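# Analysis of the macromolecular model
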Amino acid sequence: MAEFIDGKAAAAEVVEKVKTETVALTEEGITPGLAVVIVGDDPASQVYVASKSKRAKECGFHSVQHTLPAETAETELLALVKALNADPAIHGILVQLPLPDHIDSARVIQTIAPEKDVDGFHFINVGKLGTGTLDSAFVPCTPAGAMLLLKRVRGTDLSGLNAVVIGRSNIVGKPMANLLLAANATVTIAHSRTKDLPAVARSADILVAAVGRPQMVRGDWVKEGATVIDVGINRIPAPEKGEGKTRLVGDVAFDEAEKIAGAITPVPGGVGPMTIAMLMANTLVSACRANGRVPPSL
Ligand code: GUN
């Protein structure tokens, strides 16, 4: 049976450290500030954004949320982003995605000042991560959280280990691959066009699933003793819980994989809780950098 990697506990530890550091910073007159922007009324996005704002308040941050109607013009959103860029009380800016179709998301993201881009989506931060310039980069929160969980199990140096990332998104797959490379792993990025995906997955000492397909990675895709990091969060019908009920599952068939893996993240309670925790960490780091302080290691 695999060791369960407890993301809830790890996320709580990160948040505790952020709170402690925030108390110290605030005593020096610096309060980390996070602005979260949401456009439209997508219910899932509303829930995510509310929990980001709430957690920021719990951390002792200056937390502001801008909720704009779905018909907001792109120029108006760009003007808000520019105003937040210029606001010294704001250290982190997050524009919740997806944006309505009439808004060019790329233009909005690239308008965020790179030093306030706590999502790590700006080309400057993507480039810094790609070149291993991690000291001054912002790393996207979900892969940063996944990496923190992985390091708990495997340590910080992954030399000699084969890592396979399934999924090539800009938000998870690609940054995850770069983080693994920066930690000296031998990295393969696999995706929907990969030939014999199960065989590629079986070569992995570290298997990261980030495809958004419920339970796609079966037990026989997992190498004996591998560390499995499941980034997927998928809602599927759960008739066993009653009519119309649903439950959350990952991209990995957990019941099968846990029998073979050495360690595995559960869903829920694995990578999921880490995302918001890392957003808090990135905002704190940004406030430190903006004030010439060395950020704490989290
Ligand atoms: N929508 C879903 N995940 C994310 C995220 O990590 N950042 C932003 N900005 N939007 C998202």
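Just above sits the structure.
Description of the structure in this document.

Conventions and cut-offs
Residues numbered from 1 in each chain as written. Predicted model: local features only at pLDDT ≥ 70, side-chain atom pairs only at ≥ 80, totals over all residues. Heavy atoms only, no water. Axes fitted to C-alpha atoms, helices over the stretch in contact; angles between N-to-C directions. Helix = DSSP H or I, 4+ residues; strand = E, 2+ residues; numbered from the N terminus. Parallel < 35°, antiparallel > 145°, perpendicular 65-115°, else oblique. Contact = heavy atoms within 4.5 Å. Nonpolar A, V, L, I, M, F, W, Y, C, P; charged D, E, K, R; others polar. Core = buried A, V, L, I, M, F, W, Y, C linked by side-chain atoms within 4.5 Å. Buried < 20%, exposed > 50% of the residue type's maximum accessible area, 1.4 Å probe, protein only. Pairing = 2+ DSSP bridges. Right-handed = clockwise from strand over helix to strand, strands pointing away.

Taken N-terminus to C-terminus, the directions of helix α1 (residues 7–27) and helix α6 (residues 141–154) make an angle of 105°; their axes are 11 Å apart at the nearest point. Judged on the interaxial angle alone, α6 and α1 are roughly perpendicular. Contact residues: Gly7, Ala10, Glu13 and Val14 in α1; Leu148, Leu149 and Arg152 in α6. Taken together, the residues that form the contact of α1 with α6 break down as four nonpolar, one polar and two charged.

Within the largest apolar cluster, 56 residues are counted, with the highest numbers of intra-cluster contacts made by Leu158, Leu180 and Met280. For this core, the secondary structure elements donating two or more residues are α1, β2 (33–39), α2 (43–58), α6, β5 (162–166), α7 (173–182), β7 (206–209) and α10 (272–290). Ignoring anything within four residues of it in the chain, the contact list for leucine 158 reads Met147, Leu150, Leu180, Ala183, Asn184, Ala185 and Ile206. Judged by nonpolar contacts, the second largest core, of 19 residues, contains Ala190, Ala204, Ala257 and Ile264.

Let us now look at unusual backbone geometry. With omega at 0°, the peptide bond leading from leucine 97 into proline 98 counts as cis. With respect to the helices, strands and loops of the structure, proline 98 is situated in the loop between β4 (92–95) and α4 (105–111). Residue valine 267 is joined to proline 268 through a cis peptide bond whose omega torsion reads 0°. Positive phi outside glycine occurs at asparagine 184, with the angle close to 75°. Within the secondary structure, asparagine 184 is located in the loop between α7 and β6 (186–190). Positive phi values are uncommon outside glycine, yet aspartate 196 reaches one of about 50°. Tracing the sequence through the fold places aspartate 196 in the loop between β6 and α8 (197–202).

Before going further, it helps to spend a moment on the side chain of threonine 265. By secondary structure assignment, the location of threonine 265 is in the loop between β11 (263–264) and α10. The residues touching threonine 265, leaving out its near neighbours within four places in the chain, are Ile5, Leu149, Val228, Ile229, Asp230, Phe254, Gly270 and Val271.

Before going further, it helps to examine the pairing of β6. Bridge count between β5 and β6: five bridges; the pairing is parallel. Opposite asparagine 162, over in β6, you have threonine 186 as the bridge partner. Between the parallel elements β5 and β6, the chain passes through α7 in a crossover that is right-handed.

Another aspect to go through is the environment of isoleucine 236. In this fold, isoleucine 236 is placed in strand β9 (residues 234–237). Taking C-alpha positions, isoleucine 236 is 6.3 Å from leucine 248, a pair spaced 12 residues apart along the chain. Those residues within four positions of isoleucine 236 in sequence are excluded, and the remaining contacts are Pro214, Gln215, Lys245, Thr246, Arg247 and Val249.

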